[in-house]
Amino acid sequence: MERTIATMIPIAHQGREVSFEAVAYKGEEETDQLLVLVNRQGHGRPTATPLVRLHSGCVTGDIFHSLRCDCHAQLQLALTKVCEAPLGVIVYLPYHEGRGIGLFRKMEAYALQDSGADTVDANVDLGMPIDARDYSLAAHALADLGLREVRLLTNNPAKMRALMENGIRVTETVPLVTEPNRHNARYMKTKRLRMDHTF
């Protein structure tokens, strides 16, 4: 695992400027990369257990605000909660597109969903894993930053299990609840019913 020197990234969020410490990490493969954003500007004890969000990159949602998924809404809500926490962290995983199958395959899966398949069956029909994401680099990055105990901002039990299997203690899971719309309601329901998501 390689890491960069920490730098500062100011972002605009909800009409105000917020500064994050930023560190990038890279695993053995070129596509095994992530960015950790740490906010220490919240009020409260500096030794508080960090609130951490593992966010899978989504070009259609994060950049273009697609309504077919809840990625943009989840990222914005996560940023709000991380900025409010005494110590908040976003781990952004840019190569997790389409639950790890990539942008091209995700678009193929969308076409199958247009014909009636749900998000799980679409991946299966393409011969792809239902969820191919790997969180081991995220766990190693958190450990490298001294964040071995976290409150995890997620609806996905698989993320909690992956961190704990890689040495990170999850003391609490904090739900990330967003409102469905007519374009993503089925997708969100499928995640709950077929992928064990809590919301």
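Being a predicted model, the structure only gives us computed values, none of them experimental. (Residues numbered from 1 in each chain as written. Predicted model: local features only at pLDDT ≥ 70, side-chain atom pairs only at ≥ 80, totals over all residues. Heavy atoms only, no water.)

> Please clarify how the pattern of salt bridges should be interpreted in this entry.
Working definition: two side chains of opposite charge can pair if their charged atoms are close together. Inspection of every chain in the model, using the stated rule, returns 12 salt bridges. R105 is the salt-bridge partner of E108, the closest N and O atoms lying 2.6 Å from each other. One end of the pair is E108 and the other is R105, both in helix α4 (residues 103-114) and three residues apart, which spans about a single turn. Taking relative accessible area as the criterion, R105 reaches 33% and is therefore assigned partly exposed. Residues joined by salt bridges that share partners form a network here, namely D118, D121 and R194. (Salt bridge = Lys/Arg side-chain N within 4 Å of Asp/Glu carboxyl O. Helix = DSSP H or I, 4+ residues; strand = E, 2+ residues; numbered from the N terminus. Buried < 20%, exposed > 50% of the residue type's maximum accessible area, 1.4 Å probe, protein only.)

> So what exactly am I meant to see when it comes to α4 here?
Note that an α-helix has 3.6 residues per turn; residues three or four places apart therefore point the same way. In this model α4 runs 17 Å from its N-terminal to its C-terminal C-alpha over 12 residues, within 8% of the 16 Å that 1.5 Å per residue would give. Looking at α4, one finds that the buried residues are K106, A109, Y110 and Q113. Along the axis of α4, the buried residues cluster in a sector spanning 105°; they form a single face. In α4, the exposed positions angled more than 90 degrees off the buried face are occupied by F104 and D114. Looking at the residues trailing α4, positive phi occurs at G116, about 120°. (Expected span 1.5 Å × (residues − 1). Arc of directions from axis to C-beta.)

> Would you explain the pairing of strand β2 (residues 7-13) in this entry?
Consecutive residues of a regular strand have side chains that alternate between opposite faces of the sheet. Here β2 runs beside strand β3 (residues 16-26); their pairing, made up of seven bridges, is antiparallel. Bridge pairing in β3 places P10 opposite S19. (Pairing = 2+ DSSP bridges.)

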